[in-house]
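Residue-level structure breakdown
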Amino acid sequence: MMLSPHDIIVKPIVTEKSMDDMAEKKYTFKVMKKANKVQIANAVETVFGVKVEKVYTMNMTGKKKRMGRFVGKRSDWKKAIVKLTEDSKEIQFFEGL
């Protein structure tokens, strides 16, 4: 089964820390759990038209949430921080934020 780049990148993560990282050309995304670093790099390159230098990934565990007396759990997810090369252009998607 071939995954499209839009399947691999679920959504961008916009936090204060991720905004500070953008000065160093690091962008944070929520990605598919099964995706590896090579697939993530290729997906970012094709979707945004940039050059990727390095990909950092981490598996995030879902938080426990209470609904009254019942305890539920958010699903686990994968986070990827993508570092672009020095000569690469910025990702325009984030610029207006």
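Residues numbered from 1 in each chain as written. Predicted model: local features only at pLDDT ≥ 70, side-chain atom pairs only at ≥ 80, totals over all residues. Heavy atoms only, no water.

What follows concerns the pattern of salt bridges. Close approach of charged atoms allows side chains of opposite charge to pair. Overall, the coordinates contain 4 salt bridges when judged by the stated rule. Glu24 is the salt-bridge partner of Lys26, the closest N and O atoms lying 3.9 Å from each other. For Lys26, a relative accessible area of 18% corresponds to the buried category. Across the pair Glu90 and Lys25 runs a salt bridge, and its minimum N-O distance is 3.8 Å. Residue Glu90 is located in the loop between strand E6 (77–84) and helix H4 (92–95), and its partner Lys25 is located in the loop between helix H2 (16–21) and strand E2 (26–31); the two are separated by 65 residues in the primary sequence. For Glu90, a relative accessible area of 32% corresponds to the partly exposed category. (Salt bridge = Lys/Arg side-chain N within 4 Å of Asp/Glu carboxyl O. Buried < 20%, exposed > 50% of the residue type's maximum accessible area, 1.4 Å probe, protein only. Helix = DSSP H or I, 4+ residues; strand = E, 2+ residues; numbered from the N terminus.)

Counting residues in each nonpolar core, the largest one holds 18 residues, and the members touching the most others are Phe29, Ile40, Val44, Val52, Val82, Leu84 and Ile91. Broken down by secondary-structure element, the contributors of at least two residues to this core are E2, helix H3 (37–48), strand E3 (52–60) and E6. Considering each element in turn, this core owes the most residues, 4 residues, to H3. Residues in contact with Leu84, not counting those within four places in the same chain, are Lys25, Tyr27, Val50, Lys51, Val52, Glu53, Lys89 and Ile91. (Core = buried A, V, L, I, M, F, W, Y, C linked by side-chain atoms within 4.5 Å. Contact = heavy atoms within 4.5 Å.)

Taking 1.5 Å of rise per residue, 12 residues should cover 16 Å, and H3 covers 16 Å from first to last C-alpha, within 8% of that figure. Looking at H3, one finds that the buried residues are Ile40, Ala41, Ala43 and Val44. One face of H3 carries all of its buried residues, which in axial projection span an arc of 165°. Exposed and facing more than 90 degrees away from the buried side of H3 are Val38 and Thr46. Packed against the buried residues of H3 are helix H1 (5–8), strand E1 (9–12), E2, E3 and E6. Phi turns positive, to about 65°, at Gly49, one or two residues after H3. (Expected span 1.5 Å × (residues − 1). Arc of directions from axis to C-beta.)

Our next topic: the pairing of E2. Judged by how many residues are buried, E2 sits mostly within the fold: 5 of 6 residues are covered. Summarising the sheet, E1 and E2 pair through 3 bridges and their orientation is antiparallel. Note on E2: the bridge partner recorded for Ile9 is Val31. In this sheet, E6 lies alongside E2 in antiparallel orientation, the contact comprising 6 bridges. Note on E6: the bridge partner recorded for Val31 is Lys78. (Pairing = 2+ DSSP bridges.)

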